[in-house]
Amino acid sequence: APRFVIVANTTTRDGGAAVVAGNERVLRARLADARFFWDQDRRVKLEDRVPALRNIIFHARLGSMEDKVFRMKSLIDDLLRSLPNLDVNSARSAALLAKADLTTGMVGEFPELQGVMGRYYALAEGETAEVAEAIAQHYSPLGPNDSCPSEPTAVAVALADKIDTLVGFFAIDEKPTGSRDPYALRRAVLGVIRLVVENRTRMPLSEIIQNSWQLYKNQGKQLSDLEKTNADLLSFFADRLKVALREKGVRHDLIDAVFSLGGEDDLVRLLERVEALGALLDSDDGANLLVAYRRAANIVRIESKKDKRSYDDAVDRKLLRETDEKTLASALAGATERVDPLLADEDFSGAMAALAGLRSPIDDFFDHVTVNVDDPALRANRLALLSEITATMNRIADFSRIEG
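Residues numbered from 1 in each chain as written. Predicted model: local features only at pLDDT ≥ 70, side-chain atom pairs only at ≥ 80, totals over all residues. Heavy atoms only, no water.

Chemist: Residue-level account of the overall build of the protein, with values.
Modeler: For the protein, the helix and strand inventory stands at 18 helices and two strands. For the protein, the spread of C-alpha atoms along the three principal axes comes to 100 × 55 × 40 Å. Out of the 404 residues in the protein, the part that is buried amounts to 46%. When contacts within the protein are restricted to residue pairs at least 6 apart in sequence, long-range pairs at least 24 apart make up 69% of them. For the protein, the accessible surface area stands at approximately 20,300 Å², while carbon and sulfur atoms represent 49% of it. Mean positive and mean negative side-chain charge positions of the protein (54 and 64 charges, respectively) differ by 5 Å. (Helix = DSSP H or I, 4+ residues; strand = E, 2+ residues; numbered from the N terminus. Buried < 20%, exposed > 50% of the residue type's maximum accessible area, 1.4 Å probe, protein only. Contact = heavy atoms within 4.5 Å. Areas by Shrake-Rupley, 256 points an atom, 1.4 Å probe, with all protein chains shown as cover. Lys, Arg positive; Asp, Glu negative; His and termini not counted. Charge placed at Lys NZ, Arg CZ, Asp CG, Glu CD.)

Chemist: Any details on the nonpolar core? Residues and values, ideally.
Modeler: One finds Leu277 and Phe399 to be the most contacted residues of the largest nonpolar core, which totals 125 residues. Take this core: its biggest share by element is 13 residues, from helix α8 (residues 152-171). Excluding residues that lie within four positions of it along the chain, phenylalanine 399 makes contacts with Leu277, Leu280, Leu281, Leu290, Tyr293, Leu355, Met393 and Asn394. (Core = buried A, V, L, I, M, F, W, Y, C linked by side-chain atoms within 4.5 Å.)

Chemist: Please set out a nonpolar patch on the surface residue by residue, giving values where relevant.
Modeler: Residues Phe4, Ile6, Val20, Leu27 and Leu31 make up a contiguous nonpolar surface patch of about 390 Å² in total accessible area. Among the secondary structure elements, phenylalanine 4 is positioned in the segment before α1 (17-41). (Patch = residues over 30% accessible without salt bridge, like charges linked within 9 Å, V, L, I, M, F, W, Y side chains within 5 Å. Salt bridge = Lys/Arg side-chain N within 4 Å of Asp/Glu carboxyl O.)

Chemist: Give a description of the pattern of salt bridges that names residues and reports values.
Modeler: If you walk through the whole model with that rule in mind, you get 36 salt bridges. For the salt bridge of arginine 54 with glutamate 66, the shortest nitrogen-to-oxygen distance reads 3.1 Å. Note that arginine 54 is positioned in the loop between α2 (46-49) and β1 (57-59) and glutamate 66 in helix α3 (residues 65-79), a separation of 12 residues in sequence. For arginine 54, a relative accessible area of 48% translates into the label partly exposed. Residue glutamate 272 is joined to arginine 200 by a salt bridge in which the shortest nitrogen-to-oxygen separation is 2.5 Å. Here glutamate 272, found in helix α13 (residues 267-281), pairs with arginine 200, found in the loop between α9 (185-198) and α10 (205-218); they are 72 residues apart in sequence, far enough to count as distant. Glutamate 272 sits in the partly exposed class, given a relative accessible area of 24%. One network of salt bridges, in which partners are shared, links Arg202, Glu264, Asp266, Arg269, Arg273 and Glu346.

Chemist: Go over the packing of aromatic side chains, please, and point to the residues and values.
Modeler: Tallying each qualifying case throughout the model produces seven aromatic pairs. For the pair tryptophan 38 and tyrosine 121, a centre-to-centre distance of 5.2 Å together with 20° between the ring planes defines the contact as stacked. Here the residue tryptophan 38 occupies a position in helix α1, and tyrosine 121 occupies one in helix α6 (residues 116-124), the gap between them amounting to 83 residues. An aromatic cluster of at least three residues, connected via ring pairs, comprises Phe58, Phe169 and Tyr183. (Phe/Tyr/Trp six-rings, centres within 6.5 Å; stacked < 30°, edge-to-face > 60°.)

Chemist: Which residues make up α13, and what values go with them?
Modeler: Across its 15 residues, α13 extends 21 Å between first and last C-alpha, which sits within 8% of the 21 Å expected from 1.5 Å per residue. Where burial is concerned, most of α13 is hidden: 11 out of the 15 residues are buried. Of the residues making up α13, those classed as buried are Leu267, Val268, Leu270, Leu271, Arg273, Val274, Ala276, Leu277, Gly278, Leu280 and Leu281. Those residues of α13 that are buried lie in contact with α9, α11 (226-246), α12 (252-259), α14 (284-307), α15 (323-344) and α16 (348-356). (Expected span 1.5 Å × (residues − 1).)

Chemist: Could you give an account of helix α4 (residues 88-97), with specific residues and numbers?
Modeler: Given 3.6 residues per turn, any residue in an α-helix points the same way as the ones three and four places further on. Burial analysis of α4 places seven of its 10 residues in the buried class, the great majority of the element. When we look at burial in α4, the residues that qualify are Val88, Ser90, Ala91, Ala94, Ala95, Leu96 and Leu97. On the buried face of α4, the contacting elements are α2, α3, α7 (129-137) and α8. Between the side-chain oxygen at the start of α4 and the backbone nitrogen of asparagine 89 there is a gap of 3.1 Å, and the oxygen is on aspartate 87. (Polar contact = N/O pair within 3.5 Å; in protein donor to acceptor, adjacent residues only side chain to side chain.)

Chemist: Account for the environment of leucine 123, naming residues and giving values.
Modeler: Its location among the elements puts leucine 123 in helix α6. When the C-alpha atoms of leucine 123 and glutamate 133 are compared, they prove to be 9.2 Å apart, with 10 residues separating the residues in sequence. Apart from the residues within four sequence positions on either side, leucine 123 is in contact with Thr128, Ala129 and Ala132.

Chemist: Describe the side chain of serine 387, naming the residues involved and giving the relevant values.
Modeler: Along the chain, the position of serine 387 falls in helix α18 (residues 376-393). The exposure class assigned to serine 387 is buried, which follows from its relative accessible area of 11%. Look past the residues within four positions of serine 387 in its chain and what remains in contact with it is Val300, Tyr311 and Asp312.

Chemist: Would you mind going over the environment of aspartate 253 in detail, with residue names and values included?
Modeler: Position of aspartate 253 relative to the elements: it lies in helix α12. C-alpha of aspartate 253 to C-alpha of phenylalanine 399: the two residues are 146 residues apart in sequence and 9.4 Å apart in space. Setting aside anything within four residues of it in sequence, one finds aspartate 253 in contact with Arg401, Ile402 and Glu403.

Chemist: Go over the packing of α12 against α13, please, and point to the residues and values.
Modeler: Between α12 and α13, the shortest axis-to-axis distance is 9 Å and the interhelical angle comes to 120°. Classed by the angle they form, the pair α12 and α13 counts as oblique. The handedness of the crossing between α12 and α13 is right-handed. Of the residues in α13, those touching α12 at Leu254, Ile255, Ala257, Val258 and Phe259 are Leu267, Leu270, Arg273, Val274, Leu277, Gly278 and Leu281. Residues belonging to the contact of α12 with α13 are distributed by class as follows: 10 nonpolar, one polar and one charged. (Axes fitted to C-alpha atoms, helices over the stretch in contact; angles between N-to-C directions. Parallel < 35°, antiparallel > 145°, perpendicular 65-115°, else oblique. Left-handed = near helix turned anticlockwise from the far one by under 90°. Nonpolar A, V, L, I, M, F, W, Y, C, P; charged D, E, K, R; others polar.)

Chemist: So what about unusual backbone geometry? Which residues, and what values?
Modeler: The residue after serine 140, namely proline 141, is reached through a cis peptide bond having omega -5°. For alanine 184, which is not a glycine, the phi torsion comes out positive at approximately 55°. Following the sequence through the fold, alanine 184 ends up in the loop between α8 and α9.

Written out as structure tokens, the structure reads:
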């Protein structure tokens, strides 16, 4: 609007005319500067500004902003599988141009306009609205109250920017500490979590991290070990995911229980599994199963420590004598047969229901079967059966991580 507001804590004799005139003069000069920068900046297209990004350092050990935009552009191809509706050419263009406005006079004078001016310049140059909006939104979300991009191109460029930053700093061991986070990595990881969860983006996080790490290596950057970088970054994601979902009532120990299984790096699938696990534990069967799990795990742990051996051998069916231990062995085998295909189909509620069916045979076993009998072979076989209880339940989540 062609108006402005000022507040002055003084009484004026002329009704504020001098104050208004003085502020008009200052503002007019400021707007003239902006108009000058606008006219000057438009003489050079955004694409032609990209080479100038080599003069802006991203980080001394991670290269220039030009290096970064080329990595972002390459990451777009890795994100294509996770964003099936993505126009890859638009996303590549947006990634290449995303940081170009950093070299403009306007952003140099008004740094808070980075991204915003990139959008205006892109539209003025005839770029599509999709590309322009992706340039403007690729810094988002900046915090819990900031809007989260939802269009595939904007989501892809925002993810590429944040993942590149996270991988780079973790790969040179510049991780946040309890009191320091100079590169805003917590904000970056929470941004990735929101982009993934709110858009239900099915992204293999470990694979994307590895590909991002390799892009740095291809540019000759000196990085720490890939396996360590991946493990540290996934742990960081798990910690921040607990923080992000705490306000929504999601239990942190359930996230731990699923994450600690390893191999689960799809945040959407992980949260579906957490939700199903929570529903199971809220039921009587689930609560009793957790008690039985702990009882079985404690017995095996104590006896293993005493005997200085493990009891994770396969159960010998020939040594099953009592009716209740035979029933439990059959129930565990049946549960495993049902659980594995259900997990493969991502039917986590069905998998939890299959586990719930173990409650009765486990209760009957503990009520009627003595584990520590005098016969060594029989005792070892029953301890192996207890180990199978924990192993079967751990196919879905690490129940040892669950509190309460």
